[in-house]
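Close look at the chain arrangement
If you want the building blocks of each chain, they are given just below.
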Amino acid sequence: MKPVRLETSPSPTLLYLLLAIITVVSVILALVQQNYLLLIIGFFGLLSAIALRQFSTTFCDQKRKPYCQAQPPIDDDKAILQQIQAVVNKLPVGVLFYNQQRQCVFINKYMASSGLVLEHDFSSTPELNELFCSTFLATFSAQLDNQSSARPEFIASQVFEYKNKFDRQRFVEIKIYSPNAEASGMNALGTVIARDITEAYESTNQLTTLNEELRNQTDIAIAHSQAKSQFLANMSHEIRTPMNGIFGMLELLKMTDLAAQQKQYISTIDQSSQALLKILNDILDLSKLESGKLTFESERFDLTLMVKQIIDTYNKSAEDKKLKLISTLSNDLPRHLIGDEFRITQVLNNFVSNAIKFTEVGKIEIELRLVERDNTNAIIEFSVQDSGLGLSPEQQSRIFNSFEQADNSTTREFGGTGLGLSISRDLIKRMHGQLDVDSELGKGSRFWFRLPLMACNETGQIEPTELSHKSQSITSLQGKNILIVDDNEINRAVAASMLEQHRAKTFQVDNGKKAIELNKSFTFDLILMDYQMPIMDGIQASKALRENGLTLPIIAMTAAGFDEDIEAYFEAGMDGVIIKPFQSDQLVNEVVKHLSINNQET
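What comes next is a walk through the structure. Model, not experiment: these values are computed from the prediction. (Residues numbered from 1 in each chain as written. Predicted model: local features only at pLDDT ≥ 70, side-chain atom pairs only at ≥ 80, totals over all residues. Heavy atoms only, no water.)

Right, let's get into helix H17 (residues 512-521). Of all the positions in H17, only Gly-512, Ala-515, Ile-516 and Asn-519 are classed as buried. Viewed end-on, H17 has its buried residues packed into an arc of 100 degrees, placing them on one side of the element. The exposed residues of H17 that point more than 90 degrees off its buried face are Lys-520 and Ser-521. Measuring from the side-chain oxygen of the N-cap residue of H17 to the backbone nitrogen of Lys-513 gives 3.0 Å; that N-cap residue is Asn-511. (Buried < 20%, exposed > 50% of the residue type's maximum accessible area, 1.4 Å probe, protein only. Helix = DSSP H or I, 4+ residues; strand = E, 2+ residues; numbered from the N terminus. Arc of directions from axis to C-beta. Polar contact = N/O pair within 3.5 Å; in protein donor to acceptor, adjacent residues only side chain to side chain.)

Rendered as structure tokens:
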């Protein structure tokens, strides 16, 4: 007799197959996604399928009996467990079912053989406290005791460290789900699921250790960088202060009547001093670049005048080697641009000085040409071409590295730190430009850079430059009372002599406290203030003078010229800064500028 199927509902066989499929899919997804809630859903799906078969066996009518009898009846939990075991024993995770009395009713092979549980005869129903160690029970007992919900729910999760049967250290994550107090049979069971996470745990620990080591190394690197910056700042101050005395006295000595041999000696001292200053400036620039503390200006400048000043600076050095130093500027170049003239000049100065150093015969040409322009911006190419030694491809590949020159013989023959080109490339890169070299060994080199700059609208007029202040300062400083505050006697004498050359009247004190006291009894037109001084430094003195209502110009005359130092000077109420060592024209021009501003305001 064929089984009878009800038209109003699907056959038990179809429902049974559907639930079986759901069970298999849930188990697969649970393993793939490591979601053990899906695993539990799969188990209950299997239980439901078995229950459906039992229901069809018990309650179907006589017409359907042959169909029902074709399926073997399942009527006890042991038979159900046997069917579950076939599936669960193949899982790569530990699974344990326990009843409301906390007795183990089923444990799969993975859990039994992993070493997580104590050895036991599983033909009986051992209690959990007989299977697990005291650490495990102490962790979960409180949660089990406090479990109040009648429905099965997640209780707790914990990672345990243990040794397996091979005496290997392992890490396992154990999750416990509570029994169902309102159900009976399999539906009333609680679940313990154990997953070996040793590889993931050790990887996480290794990553944490590496991160800690990285943080430690970063902290050490930052500390070293700060220490280096502080050392360079201190050394800058200590070196620039005596150098200011050397430069100042040399300049004053040049103004006296000297014999020809004396002039030669003075010239040699001057050249050596300038070389020492260049090395110091290169090291400080490198430190600023490495620490990210180098800032750039954006001011209007005259392109033609900038090139003329470079030619004037190096013309004598070129003539001494019988070299021609020329410049070529394309006619379509805008004359006035907005950018950092000082840094552009610094790079060109490096190119020209290197060209003179490494060229014995021929010429050196500074060329500027317009690459591209729109209404507001222009890309300018700056280049210096020489007819000197030239560079091989291998030398070109490392010429821009810090502390490197073309080769060892170059270092011995010509000297130098090997910092200039490295700093130049960094400077141009920070200004969003590109710097490179075209060269052939024995045929000279062409160093060039392209830089985007803002072009100014031409007015047909050339603005007066600082060079025009020199003639003005001769009369401008006459009768002016200037207070020089510096703890170094030589630097006070140098500044006083330079200003007195232009008919200024100078007064000198060696610390900020004396400057405050002297200002109470005497009226000055301007104060030159050093920074680092005993008793009271320049910043403290400037703040105190401003708080007392003093409005006259205060100019920082200091060897500390880092950006954070300069910012501190202005925050203290100073009006300008001049960095040691300085030349007479630089000092006088700065003084005249601030006296003129002060006169306009008053």
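Having seen the model, we can carry on.
Counted by the stated rule, this structure contains 21 salt bridges. Arg-450 is the partner of Glu-381 in a salt bridge, and the nearest nitrogen-oxygen pair spans 2.8 Å. Placement of the pair is Glu-381 in strand E10 (residues 377-386) and Arg-450 in strand E12 (residues 445-455), with a sequence separation of 69 residues. Since its relative accessible area comes to 30%, Arg-450 is described here as partly exposed. Note that Arg-546 and Asp-575 form a salt bridge whose closest N and O atoms lie 2.7 Å from each other. Of this pair, Arg-546 sits in helix H18 (residues 538-547) while Asp-575 sits in the loop between helix H19 (563-571) and strand E17 (576-579); the two residues are 29 residues apart in sequence, bridging distant segments of the chain. (Salt bridge = Lys/Arg side-chain N within 4 Å of Asp/Glu carboxyl O.)

Turning to the nonpolar core, a few remarks are in order. Among soluble globular proteins, nonpolar side chains are generally buried collectively. Within the largest apolar cluster, 46 residues are counted, with the highest numbers of intra-cluster contacts made by Ile-344, Ile-366, Phe-382 and Phe-449. Of all the secondary structure elements, the ones that give two or more residues to this core are helix H9 (260-291), helix H10 (303-320), helix H11 (341-357), strand E9 (363-373), E10, helix H14 (420-430), strand E11 (434-439) and E12. Beyond its immediate stretch of four places on either side in the chain, Ile-366 contacts Val-307, Ile-310, Ile-311, Leu-325, Ile-326, Ser-327, Thr-328, Val-352, Ser-383 and Val-384. Ranked by size, the runner-up nonpolar core spans 21 residues in total, among them Leu-499, Leu-528, Met-557 and Phe-582. (Core = buried A, V, L, I, M, F, W, Y, C linked by side-chain atoms within 4.5 Å. Contact = heavy atoms within 4.5 Å.)

Next up on the list: the packing of aromatic side chains. According to the stated counting rule, one finds 8 aromatic pairs in the structure shown. The interplanar angle of 15 degrees and the centroid separation of 4.7 Å between the aromatic rings of Phe-382 and Phe-449 together place this pair among those described as stacked. With a gap of 67 residues between them, Phe-382 in strand E10 and Phe-449 in strand E12 connect regions that are remote in the sequence. Accessibility expressed as a relative area gives 0% for Phe-382, which makes it buried. One aromatic cluster is present, built from ring pairs that chain together Phe-351, Phe-382, Phe-400, Phe-447 and Phe-449. (Phe/Tyr/Trp six-rings, centres within 6.5 Å; stacked < 30°, edge-to-face > 60°.)

On to the sheet that holds strand E16 (residues 554-558). Within the open sheet, the 5 strands sit side by side as E14-E13-E15-E16-E17. Their pairing is parallel. Both edges of this open sheet fall to strand E14 (505-509) and E17, since each of them pairs with a single strand only. Taking each pair of neighbouring strands and ignoring which way they run, the sheet shows an average axis angle of 20 degrees. Pairing geometry for E16 and E17, over 4 bridges, is parallel. Bridge pairing in E17 places Met-557 opposite Ile-578. Along the sheet face, helix H16 (residues 489-500) touches strand E13 (481-485), E14, strand E15 (526-529) and E16 and points at about 170 degrees away from the line of E14. (Pairing = 2+ DSSP bridges. Axes fitted to C-alpha atoms, helices over the stretch in contact; angles between N-to-C directions.)

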